[in-house]
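Residues per chain are reported as follows:
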Amino acid sequence: MIRIIPAIDIIDGKCVRLNKGEYASKKVYNENPLDVAISFADSGLEFLHLVDLDGAKAGKIVNWKILETIASKTNLKVDFGGGVRTATDIQTALDSGAKQVNCGSVAAKKPETFKQWLHEFGTEKLILSSDVRAEKIAINAWQENTSINIFDFILQFQEAGLQYICCTDIEKDGELKGSSIDLYK
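Residues numbered from 1 in each chain as written. Predicted model: local features only at pLDDT ≥ 70, side-chain atom pairs only at ≥ 80, totals over all residues. Heavy atoms only, no water.

Q: I'm lost on the pairing of strand 3 (residues 22–30) in this one. Help?
A: Where a strand is regular, its side chains alternate between the two sheet faces. Here strand 2 (residues 14–19) runs beside strand 3; their pairing, made up of four bridges, is antiparallel. The partner of V16 across the bridge, within strand 3, is V28. If you look at the hairpin formed by strand 2 and strand 3, you'll find two residues sitting between the two strands, and K20 has a positive phi there, around 55 degrees. (Pairing = 2+ DSSP bridges. Helix = DSSP H or I, 4+ residues; strand = E, 2+ residues; numbered from the N terminus.)

Q: Please clarify how the nonpolar core should be interpreted in this entry.
A: Side chains that are nonpolar tend, in soluble globular proteins, to be buried together. Residues I8, I90, V101, F114 and L126 are the most contacted members of the largest nonpolar core, which totals 41 residues. Sequence-distant contacts of V101, defined by excluding residues within four places in its chain, comprise F80, V84, I90, A93, L94, K125, L126 and I127. Membership of the second largest hydrophobic core comes to eight residues, among which are I11, V16, L18 and V51. (Core = buried A, V, L, I, M, F, W, Y, C linked by side-chain atoms within 4.5 Å. Buried < 20%, exposed > 50% of the residue type's maximum accessible area, 1.4 Å probe, protein only. Contact = heavy atoms within 4.5 Å.)

Q: Is there a simple way to think about helix 6 (residues 111–121) in this case?
A: An α-helix turns once per 3.6 residues; consequently, residues spaced three or four apart project the same way. Listed in full, the buried residues belonging to helix 6 are F114, W117, L118 and F121. With its buried residues spanning 105 degrees around the axis, helix 6 presents them on a single face. Across from the buried face of helix 6, at angles greater than 90 degrees, the exposed residues are E112 and H119. Summarising the contacts, the buried residues of helix 6 are in contact with helix 4 (87–95), strand 6 (100–103), helix 5 (105–109), strand 7 (126–129) and helix 7 (150–158). In the segment just after helix 6, G122 is the residue with positive phi, at about 100 degrees. (Arc of directions from axis to C-beta.)

Q: It is not clear to me how the sheet that holds strand 8 (residues 132–133) should be interpreted in this structure. Could you clarify?
A: Pairing is antiparallel in the open sheet, where three strands are placed in the order 8-9-10. In the strand order of this sheet, the two ends are held by strand 8 and strand 10 (144–149), each with one partner. The sheet contact formed by strand 8 and strand 9 (residues 136–139) spans two bridges and is antiparallel. Opposite V132, over in strand 9, you have I137 as the bridge partner. Sitting on the sheet, helix 7 is in contact with strand 8, strand 9 and strand 10, with an inclination near 70 degrees to strand 10. (Axes fitted to C-alpha atoms, helices over the stretch in contact; angles between N-to-C directions.)

Q: What am I meant to see in the environment of T92 here?
A: Within the secondary structure, T92 sits in helix 4. Using a relative accessible area of 27% as the deciding quantity, one classes T92 as partly exposed.

Q: Please clarify how the sheet that holds strand 7 should be interpreted in this entry.
A: The strand order across the open sheet formed by eight strands is 3-2-1-4-5-6-7-11, and the pairing between neighbours is mixed. This sheet does not close on itself; its edge strands, each paired only once, are strand 3 and strand 11 (164–166). Ignoring which end each strand starts from, the neighbouring axes of this sheet average 35 degrees apart. Lying on the sheet, helix 6 is in contact with strand 6 and strand 7; it crosses strand 7 at an angle near 160 degrees.

Q: For this particular structure, what's the right way to read the pattern of salt bridges?
A: Any two side chains of opposite charge can pair if their charged atoms end up close together. Scanning the entire structure with this criterion turns up nine salt bridges. For K77, the salt bridge identified is with E46, shortest N-O distance 3.3 Å. Remark: E46 occurs in the loop between helix 1 (33–42) and strand 4 (47–52) and K77 occurs in strand 5 (residues 77–81); sequence separation between them is 31 residues. Accessibility expressed as a relative area gives 37% for K77, which makes it partly exposed. Of the residues examined, E46 reaches a relative accessible area of 43% and is grouped as partly exposed. A salt bridge links K65 to E68; the shortest N-O distance between them is 3.3 Å. Separated by three residues within a single helix, K65 and E68 lie in helix 3 (residues 64–73), roughly one turn from each other. Given the relative accessible area of 49%, K65 is considered partly exposed. (Salt bridge = Lys/Arg side-chain N within 4 Å of Asp/Glu carboxyl O.)

This is how it looks when you write it as structure tokens:
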């Protein structure tokens, strides 16, 4: 099943859009993430993908308070990512109201740790962030490219019980040029 989920990307507490993941291309489109989340909920949407871009770049969760506010003031089922590097980070996100937590960098660098987290937190709580450039996984706020093929990356975790994947084709992100349907199929 494919689920369309709106996203809010956060830098400095504001809703932003990057072009192809480049921080220098940052455009603020709303000062208040809660207002945007409420508008999604008021439109009948059930889910939200919330990305802590400050955290992704810093390698630690930064904007957990925004997650907490959105989760407590809307009925949206929030999946949260950005800066998740430890089991404590996962627990912080869950305690702050996330229904699911996105992990990518650790999964690429320490796959056994991610497999352990799947067992520890449950496969229903974790989403594998599989962000790609030319079918190769990119990590650490998309600032670091790896040689890991996306299909091999996903398969190793499927065999460990993975249920959820979030994939972004970085070359199309922020371009308004449609989806990477062939990749997603």
